[in-house]
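# Architecture at a glance
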Amino acid sequence: MNHAISTRITALALISSCFSASALSSDVLVSADFNVGQGFNYLIDNNCYVVTPKHVMGDAQSANIMLPTRQYQTAELEHFFAVDIALLKATTSAAQCNTNSFLQISDLQKLLQVYQEGVLKTRLADGSVLQTKVVINAVDDSEFLAIKPERNDETLKQGYSGSILFVAEQAAGVLLEVDDEGGIVYRADALTTALHDYFDLSVPDTSASEPTDTAAANDDETTTNSHLTGRLATNQIKDYRIQMLGNSPVEFIIKHTESDSMRFAIQILDKRENELLDHKFWNTNDYKFAFTPPNDDEFIVRIRGLQDFGEFDIKMNDYAFDAELRGAGNQITVPGQIAPKIALNAVSEYRLNGEQNSPIEFTLHEIAADEFRYSIRIIDSAGTTLQNYNFWSDRDYNYTFTPLSSGEYLVRVVGLQHYGQTQININQWTTNAELLSRQNVVSTGDLVSAKLAEDAVAEYRMMMTANAPIDFKLDAVAPEMRFRLEIFDETGDKKYSEEFWTSRNNRFVFTPLSSDVHLIRLTGLQNHGTFNFKLFGYD
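First, a word on scope: everything that follows refers to the structure included in this document. (Residues numbered from 1 in each chain as written. Predicted model: local features only at pLDDT ≥ 70, side-chain atom pairs only at ≥ 80, totals over all residues. Heavy atoms only, no water.)

## A look at a negative patch on the surface
A cluster of acidic residues, Glu177, Asp179, Asp180 and Glu181, forms a negative patch at the surface. Among the residues examined, Asp180 registers a relative accessible area of 76% and is labelled exposed. (Patch = residues over 30% accessible without salt bridge, like charges linked within 9 Å, V, L, I, M, F, W, Y side chains within 5 Å. Areas by Shrake-Rupley, 256 points an atom, 1.4 Å probe, with all protein chains shown as cover. Salt bridge = Lys/Arg side-chain N within 4 Å of Asp/Glu carboxyl O. Lys, Arg positive; Asp, Glu negative; His and termini not counted. Charge placed at Lys NZ, Arg CZ, Asp CG, Glu CD. Buried < 20%, exposed > 50% of the residue type's maximum accessible area, 1.4 Å probe, protein only.)

So, in structure tokens, the structure goes:
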């Protein structure tokens, strides 16, 4: 059954090809007929549809869908496609139906010619997103891709069906089926064609303007995705009561208007009218900010006229959800990458398994578009904060964390100022096996060079002869790192200890008092880098 749609430039602009980079994962969790799978939203004519694999529906005519907020809605079966795809019509409001726009077919073709790996993003039952690195091992030019997990110890599970495959941060298709070897993905371009045909949509005019939101008609309709517009005069107040979720930042975008110049304030208050935020603006300029609710509750967004009169234009958006920021899917694999959304007072948390004396490197990339400030804290299983560094998004940073014991650690990212999305790469700098290897045996004439990091320890054994001095020559090397070099005799007594910077040439001579195996221990004290020293007989 085709549904002819009257002039829908809005809809066409929203579905021009398969999902944009703004789609972080599947949008909803679908459960029907004792099956569980993934689905993504599809907004047409203010109706919210859900696309999910057909087998998830089974024989059911309706399904329960869970939003990222962990709110539940229902959806009725609308259509089965020839492939394993079902279209459901949901009770989700247009404001909550975050819309996926699509890639052009030519773009997908180019991506698949260049990239053989991707990330499968799956929404879990707590609302968080699980990311699985996959390898693309077969490409069908028309409809399908075959994938398998990058790691041999990982498998794709039945509940992953409907997950979105991202290639080079662009969505490339929907996972339809899984087995012990991997899975089959329905290509984004094929799905685009199927949906266009069903809704009788022609190829969109990409020059068409984005849809215009309408202001909330009254307080009851106002949500965290509402568009507030209106007129305001000095001392006039307009209040909007909005249900918000704790630790789920809401973005406010203030657009300039062509009306008379006016100065106004946006205030956010709790139900007892305690003021949580107060920002002042001119309606002749563009602004944006984010507010992070401290808890699940109703809040008052108050717009107050301060000077003169004119019009205001304020668009609110859900910037991130607590379930995504702190959910069970937030696991860091090494090597890996995380891209947490940052907002003032918002908290993101990730779990990281660390090995004792095996430094992990964090590389923070400059984000030129937005300037925001945040902290990264590492907390052990006892709740003790082991590391707490602050950063600005407009600079590159590089540092390490060395676990003092093997186990799970919590990486907590806290927004301190403004908002934006950062990008953090996590890599293994070096390992305990390398630093304390039994093969770390040296003798005169050797050049000793290895990586070291703050709190990490490297050890080398050397047979020394009493009264036969050893000449240690430490060569300067970048980047700058401070470390301690100690020498212990066969009884464990410390016979030498001194601190050095790798950025300087140094030299010392050590005379053993006994003939036996001595231990040379290097301990990282500040920063991370590489050390070099040469061993010579002084005589």
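## A word on the sheet that holds strand β32 (residues 447-453)
Think of a sheet as strands paired side by side through backbone hydrogen bonds, with each pair either parallel or antiparallel. If you trace the four strands from one edge of the open sheet to the other, you get β32-β39-β34-β37, paired in antiparallel fashion. Since the sheet does not close on itself, it has two edges, and those belong to β32 and β37 (506-510), each with one partner. Shown here is a sheet whose adjacent strand axes are inclined to one another by a mean of 25°, direction ignored. Examined bridge by bridge, strand β34 (residues 470-474) and strand β39 (residues 528-537) share five bridges and lie antiparallel to one another. Bridge pairing in β39 links Leu474 to Phe533. (Pairing = 2+ DSSP bridges. Helix = DSSP H or I, 4+ residues; strand = E, 2+ residues; numbered from the N terminus. Axes fitted to C-alpha atoms, helices over the stretch in contact; angles between N-to-C directions.)

## Looking at the sheet that holds strand β23 (residues 347-354)
The sheet built from five strands is open, its strands ordered β20-β23-β28-β25-β26 with mixed pairing. With one partner strand each, in any of the chains shown, β20 (331-332) and β26 (385-392) form the two edges of the open sheet. As paired elements, β23 and strand β28 (residues 407-417) share eight bridges and run antiparallel to each other. Residue pairing in the sheet places Val347 in a bridge with Val414 of β28.

## Concerning the nonpolar core
Residues Phe472, Ile520 and Phe531 are the most contacted members of the largest nonpolar core, which totals 28 residues. Within the residue set of this core, elements represented by two or more residues are β32, β33 (457-464), β34, β35 (482-488), β36 (494-501), β37, β38 (516-526) and β39. What Ile520 contacts, discounting residues up to four positions off in sequence, is Val442, Ala458, Glu459, Tyr460, Met462, Met464, Phe472, Leu485, Glu486, Ile487 and Phe533. Phe372, Ile376, Tyr399 and Ile424 belong to the second largest nonpolar core, which has 23 residues in total. (Core = buried A, V, L, I, M, F, W, Y, C linked by side-chain atoms within 4.5 Å. Contact = heavy atoms within 4.5 Å.)

## A few points about helix α4 (residues 188-199)
With twelve residues, α4 should reach 16 Å at 1.5 Å per residue; the first-to-last C-alpha distance of 16 Å fits that figure. For α4, the tally of buried residues reaches ten of twelve residues, placing the bulk of the element in the interior. Within α4 the residues assigned to the buried category are Ala188, Asp189, Ala190, Leu191, Thr192, Ala194, Leu195, His196, Tyr198 and Phe199. One or two positions beyond α4, positive phi appears at Asp200, with a value near 55°. (Expected span 1.5 Å × (residues − 1).)

## Quick notes on the pairing of strand β11 (residues 170-178)
For β11, the tally of buried residues reaches seven of nine residues, placing the bulk of the element in the interior. Looking at chain direction, strand β10 (residues 164-167) and β11 are connected through four bridges and run antiparallel. The partner of Ile164 across the bridge, within β11, is Val174. Connecting β10 to the next strand, β11, in antiparallel fashion are two residues, including Ala168 with a positive phi near 50°. Alignment of β11 against strand β12 (residues 183-187), held across five bridges, turns out to be antiparallel. Paired with Gly173 across the bridge in β12 is Arg187.

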